[in-house]
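The primary structure of each chain is shown beneath.
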Amino acid sequence: MHFGKKERSLDPATDHEWLELEDFTHRVMDDLFNHLKGIDEEKTWKPIPQETIDRFNEALPASPSSLKTVYRRFMEDILPYPSGNIHPRFWGYVQGTGSPAGVLAEILVAVMNCNVGGRDQIANHVEREVLDWAKEMLGFDAGASGVLTSGCSVADLIALTTARNVKAGYDVNKEGLNNQNGRLIFYTSNQAHSAVRQAIEVLGLGSDALRLVDVDARFKMDSTKLVDHIKQDQKDGHRPACIIATVGSVNTGAIDPLEEIIRIARDFDMWVHVDGAFGVLANLVPEYKEKLAPLKDVDSIAFDFHKWMYMPYDVGCVLIKDEKAHRNSFSHRPDYLAPLQRGLGGGGRWYSEYGVQLSRSFRALKVWFLIKLFGMDHYTQLIEQNIHQARYFAQQVEEEEALELLAPVEMNVVCFRYRVQGMEAEPLNDLNQEILFRLQERGQVAPSSTRIGDCFALRIAVVNHRSKFSDFDLLKKEVLDVAKELTSEN
Ligand SMILES: *Cc1c(COP(=O)(O)O)cnc(C)c1O
């Protein structure tokens, strides 16, 4: 190694090198925006060729490559093989679309490269403002606490940690779970997202302490059954601690009966958490306002900006009414992070005190930028548009003899299948699974799947600002074409 003449850095070494990088970057941006502009001409998804996968087995590179070379690899081997959620006809899972302006916002984030674990910096104020906006969007207590997260899974984990610590009634952080005065029990519906169960596992409560309450015909938690469980648990010497209501279930978009759940929680002195990853944002739409008004009375809410507000991955959010309980669950300010009167160690609230991340990216900036740029009215109309598109497609399904709906359409999720008169349950499930495979492999539309009762379901979740109504006509046509192809093969 020679440190004699030239000190090293990762910056371009000369004005000329800076110019080269700038020019290159401008051209890359042209390529990438053209890619976005032409995205509807691309396939929704395509399988990755084995030889492409095989190229990701290089030894650790010791020497540099040219920008051109690395970028060419990206263009050839990486850009063409995403899961496809930026495509207008992608409705699999629940995946937001992102936006071209979101790309710009991410560049701003990248240039600042802030670590929003703390320190006296503007990012704290931007995050606080974004959290205030989130509370306003959901009609939640203006004094509530909150923090931006990687997504709803972590938001759920933070809220449920706080719920556990409050309802335990002793210092869990110090003593750990001792179960001396009875086991803490959590309740959610059998339609809850797996993130809830995962949080319960991570918290050391054990999934045996999670009651999966039955749902009614519309896939909402059955509150009579909920009360039965709670009473039985009390009888057995357990301690009912928290009810997790889902607003917008991942399977069908169902909304649990919030008002009843809150009343039950008050009767039994329990915490109410809402897992509303995408669904709580329906609160922006006038038609859903009344149903979601009880959100103001729950103890905590977890949701995502990267799903139904189409923000670039990743950014979720948790809101918790009891600021002190939230902070007490996570705050550590050791000597090297101590709050100081002046300088970098000042700045009041540090967001690392509200979750498990110390180093945190400046997620708030992209949210702030995009909400200011588009305005909430535009987001509201896009969410409403997605709901209307889901209803439009559901209507197409109902009008088509060969298709059937498998669940009521509560907001933006449609579960359906192809049907054949007189076909037994199992072959019909196999047929629909093969339809799913072929739809995805043809690359014109991308639904995903789930099970509704014993039925294999084709499922779309519309959180896509690029989708047009005509895209759903194509979905129906593709399903019928593939089914016809399959039945003619047999
Ligand atoms: C997506 C989703 C989650 C998990 O959120 P991530 O952002 O993927 O971590 C939790 N609950 C529901 C209802 C969801 O739809």
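The model shown is predicted, which means the values in this text are computed figures rather than measured ones. (Residues numbered from 1 in each chain as written. Predicted model: local features only at pLDDT ≥ 70, side-chain atom pairs only at ≥ 80, totals over all residues. Heavy atoms only, no water.)

## So, the sheet that holds strand β11 (residues 455-461)
And then number 1: The strand order β8-β9-β11-β10 describes an open sheet built from four strands, whose pairing is antiparallel. With partners counted over all chains shown, the strands left at the sheet margins are β8 (403-405) and β10 (448-452), one partner each. Direction aside, the axes of adjacent strands within the sheet are offset by 40 degrees on average.
And then number 2: Two elements, strand β9 (residues 413-418) and β11, share four bridges in a ladder whose sense is antiparallel. Counted as the bridge partner of valine 414 is isoleucine 460 from β11.
And then number 3: This element, helix α15 (residues 425-442), spans β9, β10 and β11 of the sheet and lies at about 30 degrees to β11. (Pairing = 2+ DSSP bridges. Helix = DSSP H or I, 4+ residues; strand = E, 2+ residues; numbered from the N terminus. Axes fitted to C-alpha atoms, helices over the stretch in contact; angles between N-to-C directions. Contact = heavy atoms within 4.5 Å.)

## Looking at the site of the ligand
And then number 1: Near the ligand the following residues occur: Gly151, Cys152, Ser153, His193, Gly248, Asp275, Ala277, Phe278, Asp304, His306 and Lys307.
And then number 2: Residue cysteine 152 places a main-chain N or O atom 2.9 Å away from an oxygen atom belonging to the ligand.
And then number 3: At 2.6 Å from an oxygen atom of the ligand is found a side-chain nitrogen or oxygen belonging to serine 153.
And then number 4: Burial of the ligand by the surrounding chains reaches 86%, relative to a free accessible area of 380 Å². (Near = heavy atom within 4 Å. Polar contact = N/O pair within 3.5 Å; in protein donor to acceptor, adjacent residues only side chain to side chain. Areas by Shrake-Rupley, 256 points an atom, 1.4 Å probe, with all protein chains shown as cover.)

## So, a nonpolar patch on the surface
And then number 1: A contiguous nonpolar surface patch, about 460 Å² in accessible area, is contributed by Phe33, Val103, Leu104, Ile107, Leu108 and Val111.
And then number 2: The greatest single-element share of the nonpolar patch, amounting to five residues, is contributed by helix α4 (residues 100-112).
And then number 3: On the secondary structure map, leucine 108 appears in helix α4.
And then number 4: Take leucine 108: its relative accessible area is 31%, and that puts it in the partly exposed class. (Patch = residues over 30% accessible without salt bridge, like charges linked within 9 Å, V, L, I, M, F, W, Y side chains within 5 Å. Salt bridge = Lys/Arg side-chain N within 4 Å of Asp/Glu carboxyl O. Buried < 20%, exposed > 50% of the residue type's maximum accessible area, 1.4 Å probe, protein only.)

## Thoughts on the pairing of β10
And then number 1: Side chains Ser448, Thr450 and Ile452 project from β10 onto a buried face, and the interleaved Ser449 and Arg451 project onto a face without burial.
And then number 2: Alignment of β10 against β11, held across five bridges, turns out to be antiparallel. Bridging from a neighbouring strand, isoleucine 452 pairs with cysteine 455 of β11.

## Looking at the sheet that holds strand β1 (residues 145-149)
Remark on secondary structure: sheet strands pair via backbone hydrogen bonds, oriented parallel or antiparallel.
And then number 1: One open sheet accounts for seven strands, arranged β1-β7-β6-β5-β4-β2-β3; its pairing is mixed. Each edge of the open sheet carries a strand with a single partner, namely β1 and β3 (210-213). Pairs of neighbouring strands in the sheet enclose a mean axial angle of 20 degrees, with direction left out of account.
And then number 2: The pairing of β1 with strand β7 (residues 316-320) spans five bridges and is classified as antiparallel. From the neighbouring strand, valine 147 faces β7, where its bridge partner is valine 318.

## Re the environment of arginine 419
And then number 1: Secondary-structure assignment places arginine 419 in the loop between β9 and α15.
And then number 2: Relative accessible area serves as the criterion here: at 30%, arginine 419 is assigned to the partly exposed category.
And then number 3: With 13 residues separating them in the primary sequence, arginine 419 and asparagine 432 have C-alpha atoms 8.5 Å apart.
And then number 4: Apart from the residues within four sequence positions on either side, arginine 419 is in contact with Glu401, Ala402, Leu403, Glu404 and Leu428.

## So, the pattern of salt bridges
And then number 1: By the definition in use, this model includes 31 salt bridges.
And then number 2: Its salt-bridge partner being aspartate 132, residue lysine 135 comes within 3.2 Å of it at the nearest N-O pair. Separated by three residues within a single helix, lysine 135 and aspartate 132 lie in helix α5 (residues 122-138), roughly one turn from each other.
And then number 3: On the basis of relative accessibility, which here comes to 5%, the residue lysine 135 falls in the buried class.
And then number 4: For aspartate 132, a relative accessible area of 29% gives the class partly exposed.
And then number 5: A single network of salt bridges, built from pairs that share partners, joins Glu434, Arg438, Arg442, Glu478, Glu485 and Glu489.

## Thoughts on the pairing of β11
And then number 1: In terms of burial, β11 is largely enclosed, as seven of its seven residues are buried.
And then number 2: Residues Cys455, Ala457, Arg459 and Ala461 point to one face of β11 and Phe456, Leu458 and Ile460 to the other, with burial holding for every one of them.
And then number 3: Counted along the chain from β10 to the antiparallel partner β11, the turn is two residues long, and its residue glycine 453 has a positive phi close to 60 degrees.

## Looking at a negative patch on the surface
And then number 1: Together, Glu17, Glu20, Glu22 and Asp23 give the surface a local cluster of negative charge.
And then number 2: In this fold, glutamate 20 is placed in helix α1 (residues 15-37).
And then number 3: The exposure class assigned to glutamate 20 is partly exposed, which follows from its relative accessible area of 46%. (Lys, Arg positive; Asp, Glu negative; His and termini not counted. Charge placed at Lys NZ, Arg CZ, Asp CG, Glu CD.)

## A look at the nonpolar core
And then number 1: Judged by nonpolar contacts, the single largest core of 110 residues is most densely connected at Phe186, Phe305 and Trp308.
And then number 2: Among the elements that make up this core, the one with the highest residue count is α5 (eight residues).
And then number 3: Residue contacts for phenylalanine 186: discarding those within four places in its chain leaves Leu160, Ala163, Arg164, Ile200, Leu205, Ala209, Leu210, Arg211, Ala241, Cys242 and Ile244.
And then number 4: Core analysis: the next-biggest nonpolar cluster, separate from the first, contains 26 residues, Ala402, Val414, Leu475 and Val479 among them. (Core = buried A, V, L, I, M, F, W, Y, C linked by side-chain atoms within 4.5 Å.)

From the geometry alone we can't say anything about function, so treat these as descriptive.
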